[in-house]
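In case you want the letters, here they are:
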Amino acid sequence: MSEIVVGVGTAERAGLLAVRWAAERASARSALLRLVHVVDEAIESGGDARLLLAALEGARATLDDAVEVARRVDPDLAVVSELEQGSPIEVFERCSRTADLVVVGSDWHGGRRASRRGVHSLRVAAASRVPVAVVPDIDVAMRTGIAVGVDGSEVGARALAFAAEEAERRGWPLIAVHAWDLVPLSGGEYGYGGAMVAVDDLTESAHDVLEAALAQTIADRPSLEIDRRVIAGDPVIALSDVAEEAALLVVGSHGRGALARFLLGSVSHGVLAHLEAPTVVVR
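This is a predicted model, so every value here is computed, not measured. (Residues numbered from 1 in each chain as written. Predicted model: local features only at pLDDT ≥ 70, side-chain atom pairs only at ≥ 80, totals over all residues. Heavy atoms only, no water.)

Asks: It is not clear to me how the overall build of the protein chain should be interpreted in this structure. Could you clarify?
Replies: For the protein chain, the helix and strand inventory stands at nine helices and 13 strands. Within the protein chain, the proportion of its 283 residues that are buried is 49%. Of the roughly 13500 Å² of accessible surface on the protein chain, 51% is carried by carbon and sulfur atoms. (Helix = DSSP H or I, 4+ residues; strand = E, 2+ residues; numbered from the N terminus. Buried < 20%, exposed > 50% of the residue type's maximum accessible area, 1.4 Å probe, protein only. Areas by Shrake-Rupley, 256 points an atom, 1.4 Å probe, with all protein chains shown as cover.)

Asks: How do you make sense of the nonpolar core when you look at a structure like this?
Replies: A general trend in soluble globular proteins is that nonpolar side chains are found buried together. The biggest cluster of nonpolar side chains holds 43 residues, and the ones touching the most others in it are Val6, Leu33, Leu35, Val103, Leu174 and Val250. A per-element tally of this core places helix H1 (residues 13-29) first, with seven residues. Discounting chain neighbours no more than four positions away, the residues touching Leu33 are Ile4, Val6, Ala22, Ala23, Ala26, Ala70, Leu77, Ala78, Val79 and Val80. Ranked by size, the runner-up nonpolar core spans 34 residues in total, among them Val5, Phe92, Val124 and Val130. (Core = buried A, V, L, I, M, F, W, Y, C linked by side-chain atoms within 4.5 Å. Contact = heavy atoms within 4.5 Å.)

Asks: Whenever I open this one, the environment of Ile138 confuses me. Can you help?
Replies: Here Ile138 is to be found in the loop between strand S5 (132-135) and strand S6 (146-149). The class for Ile138 is buried, based on a relative accessible area of 15%.

Asks: I'm lost on the pattern of salt bridges in this one. Help?
Replies: Think of it this way: side chains of opposite charge can pair up when their charged atoms draw near. Tallying each qualifying case throughout the model produces 15 salt bridges. Linking Glu84 and Arg94 is a salt bridge whose minimum nitrogen-to-oxygen distance equals 3.3 Å. Placement of the pair is Glu84 in strand S3 (residues 79-86) and Arg94 in helix H4 (residues 88-95), with a sequence separation of 10 residues. Ionic pairing is found between Glu93 and Arg129, a salt bridge with its closest N-O pair at 2.7 Å. You can see Glu93 sitting in helix H4 and its partner Arg129 sitting in the loop between helix H5 (120-127) and S5, a full 36 residues away along the chain. Using a relative accessible area of 45% as the deciding quantity, one classes Arg129 as partly exposed. Sharing partners across several salt bridges, the network here consists of Glu24, Arg25, Arg29, Glu165, Glu166 and Arg169. (Salt bridge = Lys/Arg side-chain N within 4 Å of Asp/Glu carboxyl O.)

Asks: So what exactly am I meant to see when it comes to unusual backbone geometry here?
Replies: Located in the positive-phi region is Ser30, a residue other than glycine, with phi close to 55°. Along the chain, the position of Ser30 falls in the loop between H1 and strand S2 (32-40).

Asks: Just checking my understanding: could you explain the packing of aromatic side chains for this structure?
Replies: We describe a pair of aromatic rings using the distance from one ring centre to the other and the angle between the two ring planes. Overall, the coordinates contain zero aromatic pairs when judged by the stated rule. Over the ring of Trp21 we find Arg25, and its NZ or CZ is 3.7 Å from the ring centre. (Phe/Tyr/Trp six-rings, centres within 6.5 Å; stacked < 30°, edge-to-face > 60°. Lys NZ or Arg CZ within 6 Å of the ring centre and 35° of its normal.)

Asks: Is there a simple way to explain the sheet that holds strand S11 (residues 226-232) in this structure?
Replies: The pairing of strands in a sheet comes from backbone hydrogen bonds and takes either a parallel or an antiparallel form. An order of S3-S2-S1-S4-S5-S13-S12-S6-S7-S11 is seen for the 10 strands of this open sheet, with the pairing classed as mixed. Where the open sheet ends on each side, the last strands, each with one partner, are S3 and S11. The mean angle between the axes of side-by-side strands here comes to 20°, regardless of whether they run parallel or antiparallel. Where strand S1 (residues 3-7) meets S2, five bridges bridge the pair, whose relative direction is parallel. Pairing of Ile4 across the sheet is with Leu33, part of S2. On top of the sheet, H1 reaches S1, S2, strand S4 (101-105), S5, strand S12 (248-252) and strand S13 (279-282); it is set at about 155° to S4, its chief contact. Together, S6, strand S7 (174-180), S11 and S12 form the strand contacts of helix H8 (residues 235-243), whose direction differs from that of S7 by roughly 160°. (Pairing = 2+ DSSP bridges. Axes fitted to C-alpha atoms, helices over the stretch in contact; angles between N-to-C directions.)

Asks: Sorry if this is basic, but what is going on with H5 here?
Replies: Because the α-helix completes a turn every 3.6 residues, residues three or four places apart line up on one side. With respect to burial, H5 is a largely interior element, six of its eight residues being buried. For H5, the full list of buried residues reads Ser121, Leu122, Val124, Ala125, Ala126 and Ala127. Residues of H5 that are buried make contact with H4, S4, S5 and helix H9 (266-272).

Asks: Where do I start with the side chain of His178 in this structure?
Replies: Along the polypeptide, His178 turns up in strand S7. Within the structure, the side chain of His178 is placed 2.8 Å from the backbone oxygen of Val150, a separation counted as a polar contact. (Polar contact = N/O pair within 3.5 Å; in protein donor to acceptor, adjacent residues only side chain to side chain.)

Asks: Any chance you could explain the packing of H4 against H5 here in plain terms?
Replies: Helix packing geometry: the angle between the two helix axes and the distance between the axes. Their axes nearest at 9 Å, the elements H4 and H5 cross at an angle of 40°. Considering only the axes of H4 and H5, their crossing is right-handed. Contacts between H4 and H5 involve Pro88, Ile89, Phe92 and Glu93 from the former and His120, Arg123, Val124 and Ala127 from the latter. A class-by-class count of the residues in the contact of H4 with H5 yields five nonpolar, one polar and two charged. (Left-handed = near helix turned anticlockwise from the far one by under 90°. Nonpolar A, V, L, I, M, F, W, Y, C, P; charged D, E, K, R; others polar.)

Read these as layout, nothing more, since geometry by itself doesn't imply function.
Dropping the structure here:
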């Protein structure tokens with residue numbers, strides 16, 4: 001049986017939205033939903049037994065609330081709940097070794113000026129061995145479409161495959177976005193993909209990259225509706241703008257230039273720091 005792991009935090013709205021989001025996908029896939037709450041090791045190391053007891057009692061109540069939310073989605077859903085103590089990042093990295101997807105909530109509330117930005121979702125996404133979905137406190141119930149960043153890389157291809165499967169399952173269009181920065185070079189030309197290209201050729205070259213990346217998806221899913229978007233500009237801004245109209249955004253964890261695990265590329269880091277929809281980071 002496949003498995004979806006959900007990081008259950010405090011009983012704030014984003015955390016419960018993450019549980020519901022994950023439960024809907026677990027139900028559709030007949031997957032096990034594993035609800036995990038982590039009591040941070042710092043509480044135990046502080047030596048205050050009453051504080052630790054209160055944290056454990058609160059955690060159990062939060063897990064009970066999360067199970068109830070999941071059961072409301074599907075009474076027959078296979079659900080287990082676990083209370084862990086330790087480093088949240090280490091716990092979810094370990095959970096990701098056997099899971100198919102890790103889901104966490106975010107305190108991002110949408111808009112250009114968030115009052116606070118949690119870093120845990122960024123760190124979980126960087127450490128995970130499987131795709132991580134970050135669910136913000138944003139209502140996307142009236143939206144359709146699965147947006148995906150397409151850059152022609154191997155990781156980008158895995159993100160595209162994830163997004164295409166989700167779009168086909170939901171009967172929604174796939175919004176394939178290829179964006180690039182224009183870097184001025186000498187001689188009145190611009191840099192694109194590491195090469196010098198005349199301005200008049202940029203749009204054609206970008207469309208070629210997108211079509212080449214989409215070729216396998218088109219062959220595998222001929223009935224899938226694909227909305228192609230080629231955008232000149234900062235990829236983070238382009239993807240965030242498209243995500244404002246989508247039900248889900250999918251990006252690769254890094255592009256061609258990333259060095260190693262435990263690092264997010266600038267694009268995936270940027271969209272997670274500026275959430276406009278539930279966002280999946282694929283490795």
